[in-house]
Every structure is written in structure tokens, then in C-alpha cells.
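What the coordinates show
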Amino acid sequence: MADTSIGTAEQLRDPDYMPPLATAVPLGIQHVLAMFVSNVTPAIIVAGAAGIGFGSDQGALGFPDMTYMIQMSILFAGIATLLQTIGMGPVGARLPIVQGTSFAFVPIMIPAVAGLGTAGLAGLMTGVIIGGLFHFLLGFIVGRIRYALPPLVTGLIVLMIGLALVKVGVQYAAGGVPKMGNPEFGTLAMWGPALVVVAVTLAIKFFARGFAAVAAVLIGILVGYVAAFLMGQVSFANLGKASYFAPPIPFKWGFEFNVAIVIGMCFMAVVSAIETVGDTSGVTKGGAGREATDTEIRGATFADGLGTAVAGVFGSLPNTSFSQNVGLIAMTGLMSRHVVTIGAIFLIVCGFIPKIGALINTIPINVLGGGVIVMFGMVCAAGVNMLSEVNWNRRNMVIFATALSISFGLQLVPEALQHLNKTAQILLTSGLLPAATIAIVLNLALPEQLED
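Residues numbered from 1 in each chain as written. Predicted model: local features only at pLDDT ≥ 70, side-chain atom pairs only at ≥ 80, totals over all residues. Heavy atoms only, no water.

The subject of this paragraph is the overall build of the protein. The helix and strand inventory of the protein stands at 20 helices and two strands. Rg of the C-alpha trace for the protein: 21 Å, near the compact-globule value of 22 Å for 452 residues, within the 12% margin. Each principal axis of the C-alpha distribution contributes one length, and for the protein these read about 60 × 55 × 45 Å. Residue burial in the protein is summarised as follows: out of 452 residues, 56% are buried. In the protein, once contacts between residues fewer than 6 apart in sequence are set aside, the share between residues at least 24 apart is 82%. Accessible surface, the protein as shown: approximately 18,200 Å² in total, 69% of it carbon and sulfur. One finds the centroid of the 18 positive side-chain charges in the protein at a distance of 4 Å from the centroid of its 19 negative side-chain charges. (Helix = DSSP H or I, 4+ residues; strand = E, 2+ residues; numbered from the N terminus. Rg over C-alpha atoms; globule rule 2.2 N^0.38 Å. Buried < 20%, exposed > 50% of the residue type's maximum accessible area, 1.4 Å probe, protein only. Contact = heavy atoms within 4.5 Å. Areas by Shrake-Rupley, 256 points an atom, 1.4 Å probe, with all protein chains shown as cover. Lys, Arg positive; Asp, Glu negative; His and termini not counted. Charge placed at Lys NZ, Arg CZ, Asp CG, Glu CD.)

Turning next to the packing of helix α8 (residues 151-173) against helix α17 (residues 365-387). Packing of α8 against α17 leaves a shortest axis separation of 7 Å and a crossing angle of 165°. On the basis of their axis angle, the class for α8 and α17 is roughly antiparallel. Between α8 and α17 lies a crossing whose hand is left-handed. The residue makeup of the contact of α8 with α17, split by class, is 24 nonpolar, eight polar and no charged. (Axes fitted to C-alpha atoms, helices over the stretch in contact; angles between N-to-C directions. Parallel < 35°, antiparallel > 145°, perpendicular 65-115°, else oblique. Left-handed = near helix turned anticlockwise from the far one by under 90°. Nonpolar A, V, L, I, M, F, W, Y, C, P; charged D, E, K, R; others polar.)

On to the nonpolar core, then. In terms of nonpolar packing, the biggest core is built from 101 residues, with Met-69 and Leu-124 touching the most fellow members. Looking at this core, the element that brings in the most residues is α8, giving eleven residues. With sequence-adjacent residues up to four places away left out, Met-69 is seen in contact with Ala-43, Val-46, Ala-47, Ile-52, Met-125, Trp-253 and Leu-317. (Core = buried A, V, L, I, M, F, W, Y, C linked by side-chain atoms within 4.5 Å.)

Here you go:
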């Protein structure tokens, strides 16, 4: 419900309204804290897949590398959010939209770097840059391609994103990939803090109200962190090695063109663009009770793409609009873009301080696992919710069944494609691309009614 104590009803619906600073600052920080864990988690997952994450044996080299990726995730989430709220020419919706690192791209990024170490990151970041530029161009046509992505397709894609990630959540909760194969993996000592996170998150989600309910995962991780600390699982040994200030480094990981990654990033850019359209509409409906204009949708998509491309230059991951923010706007009823700008500035300041990234790195992997189990499960649930809008006639069931069985099957048994080249393996075992391609093609090709 809108809080009219900070402005009139008309002011609350106005994106250009600036509440008093005493109110605006905490509200702005609230916006970014609600997405903080979700924003840094993809960097931790990708760093882990590249062999420079939790439990890395690269010592002094590995730890700062992971810290850098976390630092850049924070910094460029803030920069991309400023592009949305303040704008730059046609770029930016000039609405209270929070940007952050996208989970949607993770199933594409993991196979791109797995087993390659830091050498795989050059191709990944090049793909992020090119995918971001492609995403930017989608701003010119995004309104005309929405017809090809009805709830049947978008719901399936979101469901596949969640299914691709749930394995990661369980691995983390049990101790992480570095502990797999040794007796410590899956012990009660590993699962204990993870289950504390799950229990606290669920309790807050169901019984708390306001910001606490929105930030339930963050609070759950903090409580799990305390439990892990009491069990002796938290180490601050590397915290002192991180500096208090460090600028972003252009092309830190190098530049390498990888066809599979570029195709994957461009394809997922289409999905991300449609997600941004939905979030932009959600913000205007929840905060102002109106539909988003074509200019706002176009500007939001431009900002999405530009933010991603710039992030890739400095070794960060793709950005997208964060759906958690839509719920916060609806809850507070405050449409002010300047409030979110304050949150973006907070992120940028944090992004220049490696100590913050190093502090995040002290969170044990099993504690993070408890949080991502919930988050990735919610991704699956969001996909199912979108699929609930589908008319489940015989035609749509055939499309869904075919796309799901082939794409999920290839994800479960990647060895089935061992005789294909590496590019095809990365694309087809991601789960997302075959699911989306099959669903889109069948949805466009099959007649509206199939005969029984």
C-alpha cells in the first residue's frame, strides 16, 4: 500500500518526484539490498565453474580474481541502473528500474568456461560485449517480436533456467564442487548452515511483512553465516589482502571470439529483452497504474544492452532488469526514479571497494547454497506460474512436451552429443537454447488446432 506520508498520491505516481532525503536514502538502499545476493551470485557461480571460486587451489591468484568479478557485478549493476533512472539520450526508461547481473545467462556461461579456467573468460567476456550490443539493437524492434514469445515459450524458458541451476544449489549446500569426491562433501556440517538459511528464509517469507519479506533470502544468508561462523567455517584470512579501492580494468580477461558463446549470448539477449519489457510494464502498472509507453520500453531495452556491453569490457557479466524491484514498487507505491538513483550510487561506491567483494567471499559456499536453493526454486516456480496462463490444449501440450524432453534430456546426458563439435555441444546442452528454439518454431509452425 502506498505511503502517502512521504508525498501526495499524485507525487507518488510521478517518476520525477524527489521525496525528502531522510526518506529517499533508506528507500534507495532498500531497493538494491533486495537484489544484492541475486546480483553477486552469478559471478560466484561462473568463477567457480572457471576454477577460481570457492576452494580454488590458485591461492593468491584465484581469490582476488573472484573478488574482482564480485566487485564488477556490484559496480556495473549500479552503472546500468543509472542508465535506466537518469538516462542518456534515447537510452534509459527514466523509471525506477533496478539493473543487476542476470541468472538467465548462467546456464550458457557455465559450459563456456568449465574446465578452461581463466582462459575461458576471454571468450565469455567477448560474448558478453557482442551480446550486449545485439541486445541494444533489439530496442529498435522489441515491440514487434513479442508475438513470437507467448507465455508457453517464455514460461518454458524460465522453467528451464531454474532447472539448469537447481543442481548448482544442491552442490553448493553440500560443500561445493571442490569438496566433491571427498568424505566432507554432503556431511551434516555442510548441510547444517544451508538448512538454517532455508528455514530462516521460509519463516521470514511467510510470517514477515514489508522489506523483510522482500529481503528474506538476504536475511536468511546472514543468519546462516552466523551459524557457520559458530561452527568454525568462516575464514577472514584473505580479507586483509583486498585493497580499499581499485578501479575496473578494461579487458582484464583478454579478448577472444568464440562462436558458441556469441550465439548463446545473442539468443539469450532476446529473452532478456522480453523480460525487461515485462518488468518495465510491471513498474508502471504497480507504481503509476498505467501501461509503459513505447519510448520507455525502447529506452529500457537500450539501457539493458548498453549496460551489458560496457560491463563485458571490464570483465563483468550480463545485466538485466530485476523483477524483485517490481514487487517493491508495488509495495511502497513510490514511483520516484531518484530514489533508485540513490541506490545505484550506493552500488557504485561499493563497487570501487574490493574489501566488500572480499567480505562477500568469506560467506561459506554451503551458506550461499542454502540461499540459492530457494532462489533457483523460485525461478522454477515463476516459470510454472507463467505456464499457468497457457491454454493447455493438445497442440500446446505437444509443443511443451517435445521442447522439454529434448532440451532437458540433452542437459542431463551431455555425452549424447560427444561426437559433435564443441560449439554445438555448448549450445545444445545448455537446456535453454534447444528449449526456446523448439518451442518458438513449433509455436509458429503448427496450426492453432491439432486434430485428435
